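One letter stands for each residue in the lines below.
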There are 2 protein chains.
Amino acid sequence: MMVKGNCIVGQSGGPTCVINSSLYGVIKEAKKHFEIQKIYGSLNGIQGTIQDNLIDLTHLDPENFELLKQTPSAVLGSVRYCLNKNFSDTDYEKILQTFKKYNIRFFFYIGGNDSMDTVYKLSSFCQQVQYDCAVIGIPKTIDNDLILTDHTPGYGSAIKFIANSISEIKEDTSCYCNGRVTIVEIMGRDAGWLTAGSKLACLNGNAPDLIYLPEVAFDLDDFLKKINELYQKNRKVLVCISEGIKNQHGKYVVNDFVYNNDNDVFGHMQLGGAASVLTHVVKEKLNIPVRAIELNLLQRCSSHIASGVDIHEAVHCGEYAIKQALNNQTGKMVVMSRKKGNRYGVYYHLKDIQLIANQTKFFPSEWIVNQCDISDQYIDYALPLISKEYPCKYKNGMVQFTKIK
Amino acid sequence: MMVKGNCIVGQSGGPTCVINSSLYGVIKEAKKHFEIQKIYGSLNGIQGTIQDNLIDLTHLDPENFELLKQTPSAVLGSVRYCLNKNFSDTDYEKILQTFKKYNIRFFFYIGGNDSMDTVYKLSSFCQQVQYDCAVIGIPKTIDNDLILTDHTPGYGSAIKFIANSISEIKEDTSCYCNGRVTIVEIMGRDAGWLTAGSKLACLNGNAPDLIYLPEVAFDLDDFLKKINELYQKNRKVLVCISEGIKNQHGKYVVNDFVYNNDNDVFGHMQLGGAASVLTHVVKEKLNIPVRAIELNLLQRCSSHIASGVDIHEAVHCGEYAIKQALNNQTGKMVVMSRKKGNRYGVYYHLKDIQLIANQTKFFPSEWIVNQCDISDQYIDYALPLISKEYPCKYKNGMVQFTKIK
């Protein structure tokens, strides 16, 4: 077959443990096909293409290349950038210049729902100006909130870290006779997928006592009542809350306390997130010992405990994107569907990007039990996603990372 | 040889990843010797002995027994309890009752400097009342602040987690073009050993930009000046601070802001630790984006990334304690000394407990560079301690833990 041209791959949105695994898949598969000559990385997502800031990824040394699969964050740099909906915007002109300059015929964008908006607009633009370039989205987000896919690469590793950390925290906080409430804050401003992952600690007999997702209106009085009952009964209480828990008016709980001057608990300053705020309320109202723990960035960058299944699927999403681009597909995102049957497996296919961009998949209400627990159906769904351990390469006691820039 | 009697082992103080490894070593070695018939666990440290709350550990099933080495926290429960210095206190009477009831001739206590106070008093008491019982301390603390030992079991695993997490955080926070200051808070109220561990991220090229230990008086103006310079130059700044950083008057920085009403930055309420407080100061004074991350309990319970060397040495400390107790030693703690030569190795010996109890080993001032960095000598010292990865057993994607209670 003839050489068709070159390809660009970019990474966008919040980092995950496996966005570089998808990059690995793209590069690995691209190098198998003569239609693709050079593989360029667009630095800091679409910005690199706009600003003609590309690096050549065609000849990475083998060791650094393999390490991509265990490197967190986004080795090409990421960006949060929204293309104008008007194609007369100069960004498009600059992108087209870069495309022409480097004879780009394939563009792959690894990202979440905001990034899929870029895929949508760019593929539409190429079609409108009749520039022959396949534009394909590769899913990635720890939030698991992309629609039309069973789950997203990045989610499995995030909940593997979360579930193991919660299990370890429960072991730790159980060792004293003294009672204590521990409130763990987990990422997810709108969707509760990550916080639900804490439930998997039950596989070790270490389930949290209470789990609060943003999908359920947070009732402070009921929360305090439950905490108090559990504390009186068990002395140790482990609560997992989403950073995005909201009151019945849809207002973030954390803002509620910062700006509500009628509430005497706080000054004008917020020094932390939802767990920190609730810790203070528990201390004030119930006068019991309480500690806040924010899993913070660790939940999206702890490559050392990434899920083997997640890495494997992220690589496959990248490979599949290449194959489908060569199959003349464009304006699509790679999605995963679960195979029927008892044994876990997924198959890969494409969905029109305009169906996915800017949409949010919320945690199913039927998997939420009594407003503060998660059902077994979720465990069945999530367990395969944290399965298998990736055999990370260590040197000097440290997980090794790719350095390509 | 004749049966001499039974033994008690207890765990005390803050949990670590390897306190159960030392328990493993105690049990494993004890079972080899006919002089020791039964091995009892004292639940919640010395409290279990005072209250006659023991469990028989002689016949743990093999699977649960092996899992001890990868179980964080303290499976026997821990305690912070200080025995009275007056031997006429009823605690001693109750301890003696328990000792006599169960024919206890060996008592092993795994703990830090506070716990060694218990070993000291208890061994002195036994000698005074002429009750024949060997009382031996087995070191344990993530803080690495016990004197007369090269390092403490627990420290290596804690800094392996810290160094890897810092390295991952630096990868994560480097992926955007936008600048940001990230302040990571690490445990250690008096000694900076754990915070110094963040320096090991340099092995991945991901060293923190600034490192502040409690051993150096914290100068806020200089801190802000350095942050600002680094931010203007590199846009990304990663700072690691100890929770215990103190001003030139020896007052915790975090208290400084909470109670100092002249300082307009905060209300009357403290919602977080030192990183949270400094984050707010940076925001207010420099008006640059800043985020606080507290590694929190994870740094002492993340068994999934425990150091293989640490587990190995913790086991050996437990085994060595048994051997020496059978050798008629009492009132001593097991210590490790580094072997001479290029290849890392330690040998085990005993030190008199009264030399160790209640003492603190601070981070050496000669290893602190320019008040906010750590020297290569520390790296040479610490690197072997994080070496080797322990092959944790997983099930369903989760690190498995012993359940013995």
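Placed above this text is the structure.
Just so it is clear, the structure is predicted and the values come from calculations on it, not from any experiment.

A. Spatial organisation of the interface of chain B and chain A. The partner chain A presents 69 residues to the 69 residues of chain B that form the contact. For the chain B and chain A pair, buried surface summed over both sides reaches about 5700 Å², with 57% attributable to carbon and sulfur atoms. For lysine 403 of chain A, the salt bridge identified is with glutamate 171 of chain B, shortest N-O distance 2.9 Å. For the side of chain B that touches chain A, the secondary structure elements donating two or more residues are helix 6 (155–173), helix 10 (274–286), strand 9 (290–294), helix 11 (298–301) and strand 15 (398–399) of chain B.

B. View of the packing of helix 8 (residues 220–234) of chain B against helix 10 of chain B. Residues and elements named next belong to chain B. At a minimum axis distance of 11 Å, the contact between helix 8 and helix 10 shows a crossing angle of 70 degrees. Here helix 8 lies roughly perpendicular to helix 10, going by the angle between them. Considering how the two elements wind past one another, helix 8 and helix 10 form a crossing that is right-handed. Where helix 8 abuts helix 10, its residues Leu220, Phe223, Leu224, Ile227 and Asn228 lie against Leu278, Val281, Val282, Lys285 and Leu286. Here the residues of the contact of helix 8 with helix 10 sort into eight nonpolar, one polar and one charged.

C. Structural detail: the nonpolar core. Counting residues in hydrophobic clusters, the biggest one holds 82 residues, and the most contacted among them are Tyr378 of chain A together with Tyr378 of chain B. Those residues in contact with tyrosine 378 of chain A that lie beyond four places of it in its chain are Tyr155, Ile159, Trp193, Ala196, Gly197, Leu200, Phe363 and Trp367 of chain A. Residues Phe65, Ile138, Ala314 and Tyr320 of chain B belong to the second largest nonpolar core, which totals 44 residues.

D. The arrangement of the pattern of salt bridges in detail. Within the structure shown, the criterion is met by 33 salt bridges over all chains. The partner of lysine 121 of chain A in a salt bridge is aspartate 117 of chain A, and the shortest N-O contact between them spans 2.8 Å. Of the two residues, lysine 121 of chain A and aspartate 117 of chain A both sit in helix 5 (residues 113–128), four residues apart, roughly one turn of that helix. The residues lysine 121 of chain A and aspartate 117 of chain A share a single accessibility class, namely buried. Here glutamate 29 of chain B and lysine 32 of chain B are joined by a salt bridge, their closest N and O atoms 3.4 Å apart. Under the relative-accessibility criterion, lysine 32 of chain B is labelled exposed at 53%.

Basis of the calculations
- Residues numbered from 1 in each chain as written.
- Chains lettered and ligands numbered in written order.
- Predicted model: local features only at pLDDT ≥ 70, side-chain atom pairs only at ≥ 80, totals over all residues.
- Heavy atoms only, no water.
- Contact = heavy atoms within 4.5 Å.
- Buried area = accessible area lost by both parts, 1.4 Å probe.
- Salt bridge = Lys/Arg side-chain N within 4 Å of Asp/Glu carboxyl O.
- Helix = DSSP H or I, 4+ residues; strand = E, 2+ residues; numbered from the N terminus.
- Axes fitted to C-alpha atoms, helices over the stretch in contact; angles between N-to-C directions.
- Parallel < 35°, antiparallel > 145°, perpendicular 65-115°, else oblique.
- Left-handed = near helix turned anticlockwise from the far one by under 90°.
- Nonpolar A, V, L, I, M, F, W, Y, C, P; charged D, E, K, R; others polar.
- Core = buried A, V, L, I, M, F, W, Y, C linked by side-chain atoms within 4.5 Å.
- Buried < 20%, exposed > 50% of the residue type's maximum accessible area, 1.4 Å probe, protein only.

None of this, on its own, says anything about what the molecule does.
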